[in-house]
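Residue-level listing of the chains:
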Amino acid sequence: MLSLFLTIVSPFAIAQITTVTVSGTVKGKSDKSVVAYASVAVKNAKDSAFIQGTITNEEGRFSIAGIHPGNYLLEVSITGYESKEQSLFVGSLSPFLDIPVIELEEEATTLQGVIITAKPGDVNSKLDKKTYSLSDNVSQRGGSVLQSIQNLPGVTVQDGKVQLRGNDKVTILIDGKQTALTGFGSQTGLDNIPASAIDKIEIINNPSSKYDANGNAGIINIIMKKNRQSGFNGKAGFSTGLGALWVRKENLPTIRPQYTFTPKINPSLSLNYRKDKVNIFLEADNLYTQTLNKNEYVTRVYDDGSVIKSQLKRNRNTNFLTTKAGVDWNMNEQNILTVSGLFGSEKIIDRGDQPFFNGELTHRQRLWQFFEDELKTTVMATAAYQYKFKEPGHLLNAGFNYTFHREDEKYFYDNYLPSSQGTDAFKLISDEQVYDFNIDYIRPLKYGKIETGIKLRNRSIPTDMFFIPGANSVLDTDAGGWATYKELIPALYGNYVLENEKWEAELGLRVEHVKIQYDVNPDHSTYKSDGYNYTQPFPNLRLAYKLNDNNRLSAFFNRRVDRPNEVDIRIFPKYDDAEIIKVGNPALRPQFTNSVELGYKHNFSAGYLYAAVYHRFADGTITRISSIVPGSTLVYAIFQNAGKSYNTGLEAIWSRKVSDGYSFNINGNIYKNQINAFTVENLYPQRNTFSAGKQTAISGNLKLNNTFRLAKDWDAQLTAVYLAPDIIPQGKILSRFSIDAGLKKALRKGKGEIFFNATDLLNTMVIRRKIDGMGFYYTSDDYYETQVIRLGYSYKF
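Cut-offs and rules
- Residues numbered from 1 in each chain as written.
- Predicted model: local features only at pLDDT ≥ 70, side-chain atom pairs only at ≥ 80, totals over all residues.
- Heavy atoms only, no water.
- Core = buried A, V, L, I, M, F, W, Y, C linked by side-chain atoms within 4.5 Å.
- Buried < 20%, exposed > 50% of the residue type's maximum accessible area, 1.4 Å probe, protein only.
- Contact = heavy atoms within 4.5 Å.
- Phe/Tyr/Trp six-rings, centres within 6.5 Å; stacked < 30°, edge-to-face > 60°.
- Lys NZ or Arg CZ within 6 Å of the ring centre and 35° of its normal.
- Helix = DSSP H or I, 4+ residues; strand = E, 2+ residues; numbered from the N terminus.
- Polar contact = N/O pair within 3.5 Å; in protein donor to acceptor, adjacent residues only side chain to side chain.
- Pairing = 2+ DSSP bridges.
- Axes fitted to C-alpha atoms, helices over the stretch in contact; angles between N-to-C directions.
- Salt bridge = Lys/Arg side-chain N within 4 Å of Asp/Glu carboxyl O.

Asks: Tell me about the nonpolar core, residues and numbers included.
Replies: Ranked by size, the top nonpolar core spans 53 residues in total, and within it Y413, Y575 and Y684 carry the most contacts. Filtering out sequence-adjacent residues up to four positions away, Y575 remains in contact with W368, Y413, F467, V474, L475, D476, I581 and Y684. By size, the runner-up hydrophobic cluster in this structure holds 32 residues, among which are L134, I174, I201 and F320.

Dropping the structure here:
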């Protein structure tokens, strides 16, 4: 139980709305005719100093870009009309402000003004989104997206999944879209996508209705690099590294060596050509790694006193290639068409050993050796059209996205028993196809904007599993065959944003109709075809009050859903661990979550302080349940809906620039997790009932990231991360700690950059768990590869 902790994170760059485009129309008051060529000027409200100006076009419209949030005077004048001056209030919620029609009197009249007020931007002034540039994350350069994300404020990583505020129900987007690379439901693949392909990361704890409703913990939007400079330009980079620099814990007897001194190689290339109305872009990254992907030591203790000790060691070779290319065509001032394609290929080779011994390690009961050959291929085609109305920021967007994702997986097992040996194998092939279509409409208003749109998704995943048993096979061959997942989701949303000098409000509603059908091979030993459908509203509300220019309060509410992904209900047993076998559950149902949050932001001259209190309550909590069946020591981990759960916490971020040479960011998160008592029935491999009492724990995380600006264009970064003990289904995970460090130097007048970094500098990150089941419990310590050193260079041209 942790009484207090703070999260300390580096000063990542935070995106914000710093300038606004002000637009409007000028007409004559008497006949309502447009007034062309009128002079429009923006002046400082305090001293009437000229800021910026323009003239109206033939339709009487004007547009003035680059206005910083604040209070101004807007003056309109032209010969034959009385000049008019009105106050202007420019808010920070929208980059566009379309003010009501300005009417000019033909006779001299004294008119009073209109106000536009706005706050300087910072950690997103709405307090609903934080944006971080990966170029500032020196200590994680050259690695994967997962490694780069884990140092961000409020983010932790557990079992290869990202967590926000201790919850892994996070939706991962790429350029605002769900993709097969990162998962159309539960997240996947982040540990293999190279960070060199990424520009910045957005963390959205309280998504609005324009986003899909899934992901109760929030959304992480990965924005890929894309250059828009004129002419031919680009960037090339290369990084290399070594991991697993020494053996942290020796193998159990009779197995093959662990990977050590594992190489990492990451070349990257970005090309862009822009001329006149056409912009052509290409991004290519290849990440090759050897990794000690798993090195878990498990002790299982049964109620009859028997003890089994084992080690699961997995040496992994991975090559991940991503290529994205496309064309932006600015047909004219109002029409833009973008067509792009993405190709991803992920090749995984695993060589593993898993010995099983008695409690004294004097007798080997079994040795399980395996070889996995897996190829994941992803192809995406995207077309996006944008129509710009005459008013700046008034947009109509339409898009179509097609995704094909093939999972081709082959496993070969050698099962060594005291008196015999057998060889088993299986082959799985899965072809996922997704069609997404969307239309979005945005209209700026005098004090805010409206957004509305529709989306349609059609998704299908036929999967075939072939078991090939050998002598003394342990495979459940009756659990193979075919299964097909089908998903149809039409959705409609609307979002209204209002802002004045003191108040901000955002109200949205998304309505989704979901139809899921999972058809199962009728000869399957346990499971039958299943499915569900629902039509549900998902509201969101944000209310903010500006105490003054430096202090702001916000309140949030939203309702979201986590639908079981296809792999969560997949009926085929997974044998990557020979005696802790994972199986899906076609009867799994969605988890619905309501969230409330109160936030406070204080800006000061050299930084800011942000704090939030949040509470989430979920019904139908999705989790894995581990159980055994009579007469067997095998553990079956099966997804179930475990009833109600709660997550309540406090998050704080303190960012400060101490001097020109030093700045820091501290992020702390303390929360209480609770899982109510529940009882579930597992069907596989035979019916058994599991019950658990209420679990509660206070946990959190602590991150400290310091950035140093050194002489001769050197920058340094030092990051410390502490993760407190936490509850997990049926047990707990113990505390974890690591330190990362990095250096970078700008070369060739800023066009080149060299970096060197080390992750888990002290090699202290070990995952320790304890799981309590009915009739048994087990503990595990995973000494997987965490320490990596990298060296890289990039050059802009």
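Asks: Can you explain the packing of aromatic side chains? Please cite residues and give values.
Replies: Applying the stated criterion to the full structure yields 26 aromatic pairs. Each member of the aromatic cluster is reached from another via a ring pair, and the members are W368, F370, Y411, Y413, F426, F467 and Y575. The positively charged end of R165 is found above the aromatic ring belonging to Y614, 4.4 Å away from the centroid. Above the plane of the ring of Y795 lies R748, whose end atom (NZ or CZ) is 5.6 Å from the centre.

Asks: Describe the environment of Q517, listing the residues and the values that go with them.
Replies: Topologically, Q517 is positioned in strand β25 (residues 503-520). Residue Q517 is classed as partly exposed on the basis of its relative accessible area of 29%. In the structure, Q517 is positioned 15 residues away from Y532 in sequence and 6.7 Å away in space, judged by C-alpha atoms. Ignoring any residue separated from it by four or fewer positions in sequence, one finds Q517 in contact with T484, Y485, K486, S529, D530 and G531. One polar contact links Q517 to D519, side chain to side chain, over a distance of 2.9 Å.

Asks: Quick rundown of the pairing of strand β3 (residues 50-55)? Include the residues and the values.
Replies: In the sheet, strand β2 (residues 39-44) pairs with β3 via five bridges, with the strands oriented antiparallel. What sits directly across from V40, in β3, is T54. Counted along the chain from β2 to the antiparallel partner β3, the turn is five residues long, and its residue S48 has a positive phi close to 60°.

Asks: So what about the sheet that holds strand β32 (residues 635-641)? Which residues, and what values?
Replies: What the three strands build is an open sheet, ordered β28-β32-β31; its pairing is mixed. A strand with exactly one partner marks an edge of an open sheet, and here the two such strands are β28 (580-583) and β31 (622-627). Shown here is a sheet whose adjacent strand axes are inclined to one another by a mean of 30°, direction ignored.

Asks: Tell me what's going on with the sheet that holds strand β6 (residues 84-90), and back it up with residues and numbers.
Replies: The four strands lie next to each other as β3-β2-β5-β6, forming an open sheet whose pairing is antiparallel. Single-partner strands in this sheet number two, and they are β3 and β6. Within this sheet the neighbouring strands show an average axis-to-axis angle of 25°, counted without direction.

Asks: Talk me through the pattern of salt bridges; I want residue IDs and the actual numbers.
Replies: If you walk through the whole model with that rule in mind, you get 45 salt bridges. Here D530 ties to R589 by a salt bridge, and the two come within 3.0 Å at their closest N and O atoms. Taken as a pair, D530 in strand β26 (residues 530-548) and R589 in the loop between β28 and β29 (591-604) lie far apart in primary sequence, 59 residues in all. A salt bridge links K657 to D660, with the shortest nitrogen-to-oxygen separation between them at 3.7 Å. When salt bridges that share partners are traced, they join D212, D436, K455, R457, R510, E512 and R563 into one network.

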